[in-house]
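Breakdown of the fold
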Amino acid sequence: MKYLILQHPGHNRVYYNVADKLALAELKLASKKLSVDCINIDIAEIKNIRYLSLETESILNDDDIQILSRLSFVFALFILDEKDGHECLVPIAQHEHQYLDNKISSLLKYPGKTNELFTKMMINVALLASDFNYSDSIKMLDPVAGKGTTLFEAGVYGFDAYGIELESKSVHETLIFFKKYLQTERIKHQASKNQIYGPNKHEAIMMDKFEFANNKEDFKNPDLVKTLGIVNGNSTHAFKYFKKPMFNLIVGDLPYGIAHGNVKDKKSASKTRNPSDLLDECLPEWSKVLKKGGVIVMAWNSFIVGRNRLSDTFKTHGLEVLSEAPFNEFEHMVDRSIKRDIIVAKKN
Ligand SMILES: C[S@@+](CC[C@H](N)C(=O)[O-])C[C@H]1O[C@@H](n2cnc3c(N)ncnc32)[C@H](O)[C@@H]1O
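Notes on the structure follow. (Residues numbered from 1 in each chain as written. Predicted model: local features only at pLDDT ≥ 70, side-chain atom pairs only at ≥ 80, totals over all residues. Heavy atoms only, no water.)

1. Concerning empty space enclosed by the protein
This structure, assessed with the given rule, holds one cavity of 30 Å³ or more. Approximately 40 Å³ is the volume found for the largest cavity. If you go around the largest cavity, the residues you meet are I104, S105, L108, Y110, K113, K147, G148, T149 and F152. Class assignment of the residues belonging to the lining of the largest cavity gives a composition of four nonpolar, three polar and two charged. (1 Å grid on protein atoms, 1.4 Å probe; cavity = no way out; pocket = protein on both sides within 12 Å on 5 of 7 lines; lining within 4 Å. Points joined across faces, edges and corners; volume = space filled by probe spheres on them. Nonpolar A, V, L, I, M, F, W, Y, C, P; charged D, E, K, R; others polar.)

Right, dumping it as structure tokens:
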């Protein structure tokens, strides 16, 4: 069987030159979770249109189509057939999986935003590399949450999503936006604000939390209620905030040392341009809040620190860095000052 995938047009626009490379790497990773062996995962050109293609010995089942439907770049899915000596593409219905509508993470535009399709890809890579599946009830943390792109993408997949963000302005804007979104879309929800850390009220670290469900009935059942929570705090204290290994995935886009520095200390506002310094401080806490079999995926600017140095930082903190193909095939230029890559590390 030969399957062809038409790439999301937005994906092509954003990473014009590298979209294929990233999509191929994501597809190769996903192919390992399919029920059948895949060969020849590649780019195919038919009548001047480029597709991603993969071949299998037998037909893909529903679970396989579900995995493919969730990939960040997938726009349309076809199986190649032959009729009267002509090749023809037969469309395959994709699996409906969106809990929150996909549009949620593309509504807001701001400097320093991580591209939403790239973010979706990082979440997929994390899940596909972990011991968990889409059918598990997934809790994800973005410890450098900015204005929430990762949290919203996690919401599209129906995951519980938590974020930590140092800058109160970003947290405030995310909360305002998400509340308005839930109201506009008439999604049943409840908002709360609780102290999760701090010796007293003045030094309190608060978590703003939304609990929501797509309909009234689901909202009554705690197992079906989804959560999006944001902590205005410092990621170096992740374990103090969450207190147990509750996350299946930790996914984020580290500061690039361009628009934002990574502020190590809220009071001194000292800035470091090196993501490995931030990771050195944060990883002991991040690994404590990550479940066994869970995975961390971080994007960073490899102009600032190389892959080997960053890998060593993860290894020092007892995490296994997944470095074989396709995990090492995601590096790409974003602009002249940012060469972006992702690092994938697992807690065994
Ligand atoms: C590249 S931005 C993330 C952008 C985000 N993915 C989005 O699309 O909005 C990195 C964020 O990390 C935050 N940050 C840096 N150091 C931090 C720390 N120690 N704890 C929490 N957040 C931190 C910065 O304030 C910045 O908002």
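2. Some remarks on the sheet that holds strand β2 (residues 38-46)
Here five strands make up an open sheet; going across it, the order is β2-β3-β1-β4-β5 and the pairing antiparallel. The open sheet has two free edges, formed respectively by β2 and β5 (86-92), since each of these has just one partner strand. Between one strand axis and the next, the sheet turns by 35 degrees as a mean value, whatever way the strands run. Direction of pairing for strand β1 (residues 2-7) relative to strand β4 (residues 74-83): antiparallel, over a ladder of five bridges. Among the inter-strand pairings, L4 is bridged to a residue of β4, identified as F78. Relative to β2, helix α2 (residues 19-31) is tilted by about 150 degrees, and along the sheet it contacts β1, β2 and β3 (49-56). (Pairing = 2+ DSSP bridges. Helix = DSSP H or I, 4+ residues; strand = E, 2+ residues; numbered from the N terminus. Axes fitted to C-alpha atoms, helices over the stretch in contact; angles between N-to-C directions. Contact = heavy atoms within 4.5 Å.)

3. Thoughts on helix α9 (residues 275-289)
Taking 1.5 Å as the rise per residue, α9 with 15 residues should run 21 Å; its terminal C-alpha atoms sit 20 Å apart, in good agreement. C282 marks the point of greatest bend in α9, at about 50 degrees, and the proline P284 comes within the next four residues. What α9 keeps buried is the set P275, S276, L278, L279, C282, L283, E285, W286, S287 and V289. Taking the backbone nitrogen of S276 as reference, a side-chain oxygen 2.8 Å away marks N274 as the first, capping residue of α9. (Expected span 1.5 Å × (residues − 1). Bend = angle between axes of the 7 residues up to and from the residue. Buried < 20%, exposed > 50% of the residue type's maximum accessible area, 1.4 Å probe, protein only. Polar contact = N/O pair within 3.5 Å; in protein donor to acceptor, adjacent residues only side chain to side chain.)

4. Comments concerning the site of the ligand
Neighbouring the ligand are 26 residues; Y110, T114, K147, T149 and E165 lie closest to it. The backbone of L166 places a nitrogen or oxygen atom 3.3 Å from a nitrogen atom of the ligand. Within the contact set of the ligand, a nitrogen atom lies 2.9 Å away from a side-chain nitrogen or oxygen of N234. Across the complex, the protein chains shield 98% of the 610 Å² of accessible surface that the ligand would expose by itself. Elements with a minimum of two residues in the shell around the ligand: β7 (160-165) and β12 (262-263). Within the shell around the ligand, the residues separate by chemical class into 11 nonpolar, 10 polar and five charged. (Near = heavy atom within 4 Å. Areas by Shrake-Rupley, 256 points an atom, 1.4 Å probe, with all protein chains shown as cover.)

5. Observations regarding the environment of S170
Mapped onto the elements of the fold, S170 is located in helix α6 (residues 168-184). Along the chain, S170 and A145 lie 25 residues apart, while their C-alpha atoms are 8.8 Å from each other. Apart from residues lying up to four places away in sequence, S170 is in contact with G146, K147 and E165.

6. Some words on the nonpolar core
If you look at the biggest cluster of nonpolar residues, it comprises 74 residues, and the most contacted ones within it are V125, F159, F178, F212, I342 and V344. Top contributing element to this core by residue count: helix α4 (residues 116-129), with nine residues. Residues from two domains meet in this core; each of domain 1 (2-92) and domain 2 (102-346) gives at least three. Those residues within four positions of I342 in sequence are excluded, and the remaining contacts are F118, M121, M122, V125, V297, M298, A299, W300, R307, F327 and F330. In terms of nonpolar packing, the next biggest core, distinct from the first, is built from 32 residues, V144, F247, L254 and L310 among them. (Core = buried A, V, L, I, M, F, W, Y, C linked by side-chain atoms within 4.5 Å. Domains from an automatic or database assignment.)

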